[in-house]
Amino acid sequence: MEILDETDLKILRILQENAKLTTKEIADQLHLTASPVYERIRRLEKKGYIKNYVAILDKKKLNRPVTAICMVSLRYHNEGFIDTFEKQIKELVEVQECYHMAGKVDFFLKIHLESLEMYHEFVRTKLSKIQNIGVLESYFVLKEIYNTTTIAF
């Protein structure tokens, strides 16, 4: 694995905070010229350190104030069943995040919806249609205390 120098790490930190900055604005913060900063950013993109540039949306303004956390345990755990589950979950647009877990549950899902009624409808008409779900536990966020997309390094 390639070792990043301090300038690369500073660029990544800056972009995590505001990916809309121009190369010149980033270069100014680093006291460098734009050209080498541009080349470094392109290299970081090409090597996969920067996966994408996105806008972080306000779920409440988009009428998705309910955050549900679903803990899913599968009945059967062979590779085929796990692969099928992962493929089917990716097709559910309501699911924002899905993690394959070690421990008591197999999968952790994070879902944003309009209401508890919409969550009930989602479970009834979509999630329950996925074969091999043994146990589904649902939890609901009362208050979001802290949420970041920043990776500390």
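Residues numbered from 1 in each chain as written. Predicted model: local features only at pLDDT ≥ 70, side-chain atom pairs only at ≥ 80, totals over all residues. Heavy atoms only, no water.

**Here's the deal with the overall build of the protein**
Then, in step 1: When helices and strands are counted, the protein shows five helices and four strands.
Then, in step 2: When the elements of the protein are put in sequence order from the N terminus, they spell out α-α-α-β-α-β-β-α-β.
Then, in step 3: Since a compact globule built from 153 residues should have a radius of gyration of about 15 Å, the 20 Å found for the protein marks it as more spread out than a globular shape.
Then, in step 4: Taken over the C-alpha atoms alone, the protein extends approximately 55 × 40 × 25 Å along its principal axes.
Then, in step 5: The contacts in the protein between residues at least 6 apart in sequence include a share of 64% that link residues at least 24 apart. (Helix = DSSP H or I, 4+ residues; strand = E, 2+ residues; numbered from the N terminus. Rg over C-alpha atoms; globule rule 2.2 N^0.38 Å. Contact = heavy atoms within 4.5 Å.)

**Describing the domain arrangement of the protein**
Then, in step 1: Taken as a whole, the protein is organised into domain 1 (6-46) and domain 2 (66-140).
Then, in step 2: Here the C-alpha centroids of domain 1 and domain 2 sit 38 Å apart. (Domains from an automatic or database assignment.)

**Looking at the nonpolar core**
Then, in step 1: F85, I89, L109, I111, F122 and L127 are the most contacted members of the largest nonpolar core, which has 18 residues in total.
Then, in step 2: Counting only elements with at least two residues in this core, the list comes to β1 (66-74), α4 (79-90), β3 (107-113) and α5 (116-125).
Then, in step 3: Residues in contact with F85, not counting those within four places in the same chain, are V72, L74, F107, I130 and I133.
Then, in step 4: Among the nonpolar cores identified, the runner-up in size contains 14 residues, and I11, I14, V37 and L44 belong to it. (Core = buried A, V, L, I, M, F, W, Y, C linked by side-chain atoms within 4.5 Å. Buried < 20%, exposed > 50% of the residue type's maximum accessible area, 1.4 Å probe, protein only.)

**Focus on the environment of I89**
Then, in step 1: Along the chain, I89 turns up in helix α4.
Then, in step 2: I89 sits 46 residues away from R43 along the chain, and the two C-alpha atoms are 33 Å apart.
Then, in step 3: Those residues in contact with I89 that lie beyond four places of it in its chain are V95, C98, L109, L127 and I130.

**Comments concerning the layout of surface pockets**
Then, in step 1: Approximately 1,700 Å³ is the volume attributed to the largest pocket.
Then, in step 2: In terms of residue count, helix α1 (residues 6-17) provides more of the lining of the largest pocket than any other element does, five residues in total.
Then, in step 3: Its residues assigned to classes, the lining of the largest pocket shows 22 nonpolar, eleven polar and twelve charged.
Then, in step 4: Each of domain 1 (6-46) and domain 2 (66-140) gives at least three residues to the lining of the largest pocket. (1 Å grid on protein atoms, 1.4 Å probe; cavity = no way out; pocket = protein on both sides within 12 Å on 5 of 7 lines; lining within 4 Å. Points joined across faces, edges and corners; volume = space filled by probe spheres on them. Nonpolar A, V, L, I, M, F, W, Y, C, P; charged D, E, K, R; others polar.)

**Here we look at the packing of aromatic side chains**
Then, in step 1: By the definition in use, this model includes five aromatic pairs.
Then, in step 2: Considering the side-chain rings of F85 and F107, the 4.4 Å spacing of their centres and the 40° angle between planes classify their relative orientation as tilted. Residue F85 is found in helix α4, and its partner F107 is found in strand β3; the two are separated by 22 residues along the sequence.
Then, in step 3: Accessibility expressed as a relative area gives 1% for F107, which makes it buried.
Then, in step 4: Plain terms: the ring middles of Y119 and F140 are 5.1 Å apart, the flat faces sit at 90° to each other, and that makes the pair edge-to-face. Residue Y119 is located in helix α5, and its partner F140 is located in strand β4 (residues 133-140); the two are separated by 21 residues in the primary sequence.
Then, in step 5: With a relative accessible area of 35%, F140 lands in the partly exposed category.
Then, in step 6: Members of the aromatic cluster, each reached through a chain of ring pairs, are Y119, F122 and F140. (Phe/Tyr/Trp six-rings, centres within 6.5 Å; stacked < 30°, edge-to-face > 60°.)

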